Amino acid sequence: MAFIIACASSKGGCGKSTLAVAIAGVYASNGTSVLLIDADARRRLEDEWFNAKTVSANIHVVSTRSDDLSKTVESYRDKYDVIIIDVEGSANWGLAEAIKAADFCLVPSNVSFQDLRDAQKVYDHVDSLNKESKRYRHCWIVWNRVPPAIRSKEMTATMEEAVQNGLPVLGTIHERDAYKAIFSYQSTLDKLREGNAVPSAAKAESEIARLITAMHDELEKKAA
Ligand SMILES: Nc1ncnc2c1ncn2[C@@H]1O[C@H](COP(=O)(O)OP(=O)(O)OP(=O)(O)O)[C@@H](O)[C@H]1O
Ligand SMILES: [Mg+2]
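Rules used throughout
Residues numbered from 1 in each chain as written. Chains lettered and ligands numbered in written order. Predicted model: local features only at pLDDT ≥ 70, side-chain atom pairs only at ≥ 80, totals over all residues. Heavy atoms only, no water. 1 Å grid on protein atoms, 1.4 Å probe; cavity = no way out; pocket = protein on both sides within 12 Å on 5 of 7 lines; lining within 4 Å. Points joined across faces, edges and corners; volume = space filled by probe spheres on them. Helix = DSSP H or I, 4+ residues; strand = E, 2+ residues; numbered from the N terminus. Nonpolar A, V, L, I, M, F, W, Y, C, P; charged D, E, K, R; others polar. Near = heavy atom within 4 Å. Polar contact = N/O pair within 3.5 Å; in protein donor to acceptor, adjacent residues only side chain to side chain. Areas by Shrake-Rupley, 256 points an atom, 1.4 Å probe, with all protein chains shown as cover. Buried < 20%, exposed > 50% of the residue type's maximum accessible area, 1.4 Å probe, protein only. Pairing = 2+ DSSP bridges. Right-handed = clockwise from strand over helix to strand, strands pointing away. Axes fitted to C-alpha atoms, helices over the stretch in contact; angles between N-to-C directions. Core = buried A, V, L, I, M, F, W, Y, C linked by side-chain atoms within 4.5 Å. Contact = heavy atoms within 4.5 Å.

Caption draft 1: Main features of empty space enclosed by the protein. Counted under the stated rule, the structure contains one cavity of 30 Å³ or more. Considered as a void within the structure, the largest cavity measures approximately 40 Å³ in volume. Per-element accounting of the lining of the largest cavity gives the leading share, three residues, to helix α1 (residues 16-29). Residue classes in the lining of the largest cavity are distributed as six nonpolar, three polar and no charged.

Caption draft 2: Seen up close, the layout of surface pockets. Approximately 370 Å³ is the volume found for the largest pocket. If you trace the largest pocket, you find 22 residues lining it, with G13, C14, G15, T18 and R145 closest to the centre. Within the residue set of the lining of the largest pocket, elements represented by two or more residues are α1, β6 (138-146) and α7 (177-184). Along the lines of polarity and charge, the residues of the lining of the largest pocket split into four nonpolar, eight polar and ten charged.

Caption draft 3: How the structure looks around the site of ligand 1. Among the 19 residues in the neighbourhood of ligand 1, the closest are listed as K16, S17, T18, R42 and R145. At 2.5 Å from an oxygen atom of ligand 1 is found a side-chain nitrogen or oxygen belonging to T18. One nitrogen or oxygen atom from the side chain of N144 is found 2.9 Å from a nitrogen atom belonging to ligand 1. Burial of ligand 1 by the protein chains amounts to 85% of its free accessible area of 630 Å².

Caption draft 4: Layout of unusual backbone geometry. Of note in the backbone geometry, R43 takes a positive phi value of approximately 50° without being a glycine. Assignment of secondary structure puts R43 in the loop between β2 (34-38) and α2 (44-49). Its identity is not glycine, yet Q186 carries a phi of approximately 45°, on the positive side. With respect to the helices and strands, Q186 occurs in the loop between α7 and α8 (189-194).

Caption draft 5: How the structure looks around the pairing of β6. Judged by how many residues are buried, β6 sits mostly within the fold: eight of nine residues are covered. In this structure, strand β5 (residues 104-110) lies alongside β6, joined through seven bridges in parallel fashion. Of the residues in β6, the one forming a bridge with S109 is W143. Since β5 and β6 lie parallel, the crossover through helix α5 (residues 113-132) that links them has a hand, and here it is right-handed.

Caption draft 6: The arrangement of the sheet that holds strand β7 (residues 169-174) in detail. Taken together, the seven strands give an open sheet; going across it, the order is β3-β2-β4-β1-β5-β6-β7, and neighbouring strands pair in parallel fashion. On the outer flanks of this sheet lie β3 (59-63) and β7, each paired with one strand and no other. Here the average twist between neighbouring strands, direction ignored, is 20°. In terms of strand pairing, strand β1 (residues 3-7) meets β5 through three bridges, oriented parallel.

Caption draft 7: Spotlight on the nonpolar core. Counting residues in hydrophobic clusters, the biggest one holds 42 residues, and the most contacted among them are L36, I84 and I208. Here this core takes nine residues from α1, the largest share from any one element. Once residues lying within four places of it in the same chain are set aside, the contact partners of L36 are A20, V21, A24, L45, W49, I59, H60, V61, V62 and I84.

By themselves, these observations are geometric and do not establish any function.
The structure is reproduced here in structure tokens:
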């Protein structure tokens, strides 16, 4: 049975697709079979990113309509080690279905009050679903596009507010060219690193690997 991750947020442009593909690449480079389910009607993963010549053979992509998401997940569950769901950036049916299907929701959020409010809504939704359902879903915020050097006062205040609101933060992804290059080169971070195409690829790959480790640590803690 696949471990199911949803890159979930109602906020457009917060980094869901980038995170989905970055995580898929790191899993695949370690020999894990990954299915990316693209539940965004624009089909960006399948039409703009996936290229069988440049993407690992361990990664497959399937596009689905939001209405069919749960059926799609069920039909592939036994065929992959990991399934990653990418949704459209709005509070729609697809987001709710992705959260329902997931074992682990990752909520990318830029470090701003506006983004934090959207992240909080997703967290609250998962929390209420957990209370009424037998199955527990993890839900963790991932700060995205954090500048590697100086942080503004608003960023520091936003991060503090997340702590005060009890929002769990799994880790940080920095603003790096390598994340943009994933789409422009139709590639993954390991391949960008190997090809020396983008200098920040190695650092990006390490931070995504740390995020995956943190995710599995949380799963183990919950299971213990
Ligand atoms: N850590 C990062 N560093 C640099 N650029 C990033 C990073 N994360 C995302 N981006 C860029 O931000 C833009 C939006 O990212 P992405 O498409 O992943 O967001 P999304 O949440 O999937 O958007 P949508 O809601 O439209 O589906 C893209 O141009 C992407 O390259
Ligand atoms: Mg997207």
